[in-house]
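# Observations on chain architecture
Below, each chain spelled out in residue letters.
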Amino acid sequence: MSSTPVSSFHTSRRKPLAACVAAVFSLALPNLVHAAVDWQVTNCKDDGSVGTFRWAAANANGVNGDTINLKTITDFSNCYTDATTPTGTVADVILVGSRVSLATGGVTINGPGPADLAIGGVNGNFRIISSPGSLTVNDLQVKYAEPNKSVANYYGACIYALGDVTLKNVTLAHCYLSNTGSAKGGAVSSFEGKVTMTDVNISRSKVTSSSGNAFGGAVYSYGDMTMTGSRVSPGYISSTSKGVLGAYVTAGTGKASGGALHAHAGTATVYLNNSSVYSAQAYVGGTGTGAALGGGTWGGGAVDLTDSTISGAKAKTVSTTSVAYGGSVYSAGTVDLMSAFTVESSAASAFVSRGGVVFSKGLTTANYSYIATGQADYGGGVYSRGGINSAYSFFFLNYGSFFGGAVDVAEGNSYLRGATVVSNSSPGCCGGLDLHGGSTSQATVTQSTIAYNGGAGAGLYSKSFTTNLFNNTIIYNSNSTGNTIGGSQAAGVTVVQANTGSTLNIVSNLLSGNIYGSTKNDLVVGA
């Protein structure tokens, strides 16, 4: 007699029975969902005890949507009172003696307002707040961080997150990051995410590297960076001492890029909406031989300024072998300026500099914008390798020591409508517009005023396959230097054939008072 059938019978019955039991229990025990917890900070101690900021950071779970509440402090006995600061009066400061690390990403920190409470570092050779994921901070001030490291890469002096960073009504001050390797993001840094800032004020923020790259004196993001209603500036230490803002390299071959803002990825865009950046710089000094790119901002994919200002920015190198591009703006893709105000910027190098205000590898679009007092070797105002498309913008007092006082288009099509190009200069060539374009390019200038510019080809120089000049006023441009272009004595308009079959179309223009030396010289068409 065999037991095989019995064993077979029992096996076949147990499998479906076990499955049924498991199914019943799975229905009876639904997934447990933990409610979000508001971790309330009640005092200013830094010992990790219950009620401290450090205790809340160690316990808050961003997966559940937890928040840290800094509006609930009732015991102020351990708070430091910082009555007079460059960023305004702050009633109370929670002083931390080491980095405050959040246990999880996804946490939101809510403060009572940046004028009421700050998180500050004490002898701060450390980052103040760190998140292993995303991070949101509202209504708070974070300041006094000075990490000085010797690692391959270090990110963020005041705030760091692995993922996205979102800030609203936040002030960040005195965020200085130094590293022998690469230093990225003085005030804020996102390792692999985007940074979004609304009503944020950043002052006295810088990154310095002695052998690597220095990216984002104030903010570094891997992905997109968006600033709305925000301000970045050097700030003031006292009534007679100005703070600093920038990305600095002191030795080695590393680059300094994005003196204030740096969005790193090849598709990343820097968006500035109703925001301002003042007196930032990307600087390679000492024995450094790397490039300085984007004194104000650097975008890996694009830079987009709307109703925003970048003023007093600078990209500078001292090496005779390194370049400086984009005093205010550097974009590895496109640049889009809408009602933007960019002034007093420069790109300076002992070797070569391009784009005193704007440097773009792609198309530069400038509508209803003001580009003034920029300086560089090529393109004192704008240098573009992808062409320019501009409507009703103002180019004033820019200086290109070699080519293009106001605009130098090295490649691509040019279209300017309603432009005002006044009092720009270049002792080399093309004090106003230098539209080289290329052998198949088109340059169209319409309804524009080009006046009082200086240099060979003082008003407009075009070396494009097709040049169209319609309804322009081109007056009082002067080639007082006596320089010539291709043997032509040019002052008002110079058109040089870019390729066999090149054409020039001039309709309803006023050309008058343009002078070469002491001779009237309105239009020269060269070979």
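Residues numbered from 1 in each chain as written. Predicted model: local features only at pLDDT ≥ 70, side-chain atom pairs only at ≥ 80, totals over all residues. Heavy atoms only, no water.

### A few points about the overall build of the chain
Secondary structure summary: the chain contains two helices and 61 strands in total. When each of the 527 residues of the chain is scored for burial, the buried share is 55%. Once local pairs closer than 6 in sequence are excluded, the contacts in the chain between residues at least 24 apart make up 79%. Total accessible area on the chain stands at roughly 20,100 Å², and carbon and sulfur atoms take up 53% of it. (Helix = DSSP H or I, 4+ residues; strand = E, 2+ residues; numbered from the N terminus. Buried < 20%, exposed > 50% of the residue type's maximum accessible area, 1.4 Å probe, protein only. Contact = heavy atoms within 4.5 Å. Areas by Shrake-Rupley, 256 points an atom, 1.4 Å probe, with all protein chains shown as cover.)

### A short note on the pattern of salt bridges
Across all of its chains, the model carries two salt bridges by this definition. Note that Asp46 and Arg54 form a salt bridge whose closest N and O atoms lie 2.9 Å from each other. A residue is classified by how much of its surface remains accessible, and Arg54, at 18% relative accessible area, is buried. In this structure, Asp522 engages Lys520 in a salt bridge whose closest nitrogen and oxygen atoms are separated by 3.7 Å. Judged by relative accessible area, Asp522 falls into the buried class, the value being 14%. (Salt bridge = Lys/Arg side-chain N within 4 Å of Asp/Glu carboxyl O.)

### Looking at the sheet that holds strand E59 (residues 515–516)
Here we have three strands laid out as an open sheet, ordered E55-E59-E60, and mixed in their pairing. Edge positions in the open sheet fall to strand E55 (478–479) and strand E60 (519–520), since each of these has one partner strand only. Across two bridges, E55 lies against E59 in parallel orientation. Looking at the pairing, Ser478 lines up with Ile515 of E59. (Pairing = 2+ DSSP bridges.)

### Focus: the confidence of the model for the chain
Per-residue pLDDT for the chain has a mean of 91; in total, 89% of the residues score no lower than 70. Per-residue pLDDT stays below 50 along residues 1–15; that stretch engages in zero contacts with residues further than four places along the chain or on separate chains. pLDDT under 50 marks residues 20–30. Its contacts with residues more than four places away, or in other chains, come to zero contacts. (pLDDT = per-residue confidence, 0-100.)

### Digging into the nonpolar core
Phe53, Ile68, Leu167, Leu172 and Leu261 are the most contacted members of the largest nonpolar core, which has 104 residues in total. Ranked by residues supplied to this core, first place goes to strand E13 (residues 165–179) with six residues. Filtering out sequence-adjacent residues up to four positions away, Leu172 remains in contact with Val142, Cys158, Ile159, Leu167, Ala187, Val188, Val200, Asn201, Ile202 and Ser203. Core analysis: the next-biggest nonpolar cluster, separate from the first, contains 10 residues, Leu293, Trp298, Val323 and Val352 among them. (Core = buried A, V, L, I, M, F, W, Y, C linked by side-chain atoms within 4.5 Å.)

### Section: the side chain of Thr467
With respect to the helices and strands, the residue Thr467 is situated in strand E53 (residues 460–470). Within the structure, Thr467 has its side chain in polar contact with the side chain of Ser462 (distance 2.7 Å). In this structure Thr467 touches Ala443, Ser462, Val495, Thr503, Leu504 and Asn505, once residues within four positions along its chain are discounted. (Polar contact = N/O pair within 3.5 Å; in protein donor to acceptor, adjacent residues only side chain to side chain.)

### Examining the packing of aromatic side chains
Counted under the stated rule, the structure contains 16 aromatic pairs. Considering the side-chain rings of Tyr370 and Phe394, the 5.3 Å spacing of their centres and the 5 degrees angle between planes classify their relative orientation as stacked. Of this pair, Tyr370 sits in strand E42 (residues 370–372) while Phe394 sits in strand E46 (residues 394–396), and the two are 24 residues apart along the sequence. The class of Phe394 is partly exposed, set by a relative accessible area of 29%. Among the aromatic residues, ring-to-ring pairing joins Trp298, Tyr325, Tyr330, Phe359 and Tyr383 into one connected group. (Phe/Tyr/Trp six-rings, centres within 6.5 Å; stacked < 30°, edge-to-face > 60°.)

### Considering the environment of Asp46
Mapped onto the fold, Asp46 is located in the loop between strand E1 (38–40) and helix H2 (53–59). The exposure class assigned to Asp46 is partly exposed, which follows from its relative accessible area of 27%. Between the C-alpha atoms of Asp46 and Asn78, which are 32 residues apart in sequence, the distance is 8.9 Å. Each residue touching Asp46, except ones within four places of it in the same chain, is listed here: Arg54, Leu95, Val96 and Gly97. Here Arg54 takes part through its side chain, which lies 2.9 Å from a polar atom of the side chain of Asp46. There is a polar contact of 2.9 Å between the side chain of Asp46 and the backbone nitrogen of Gly97.

### Overview of the state of the cysteines
A covalent bond between the sulfur atoms of two cysteines is what we call a disulfide. Taken as a whole and judged by the stated rule, the model has three disulfides. Between the sulfur atoms of Cys158 and its disulfide mate Cys175 the distance is 2.1 Å. Linking Cys158 and Cys175, the disulfide has an S-S dihedral of approximately -90 degrees and is accordingly described as left-handed. Note that Cys158 is positioned in the loop between strand E11 (153–155) and strand E12 (159–161) and Cys175 in strand E13, a separation of 17 residues in sequence. (Disulfide = S-S within 2.5 Å.)

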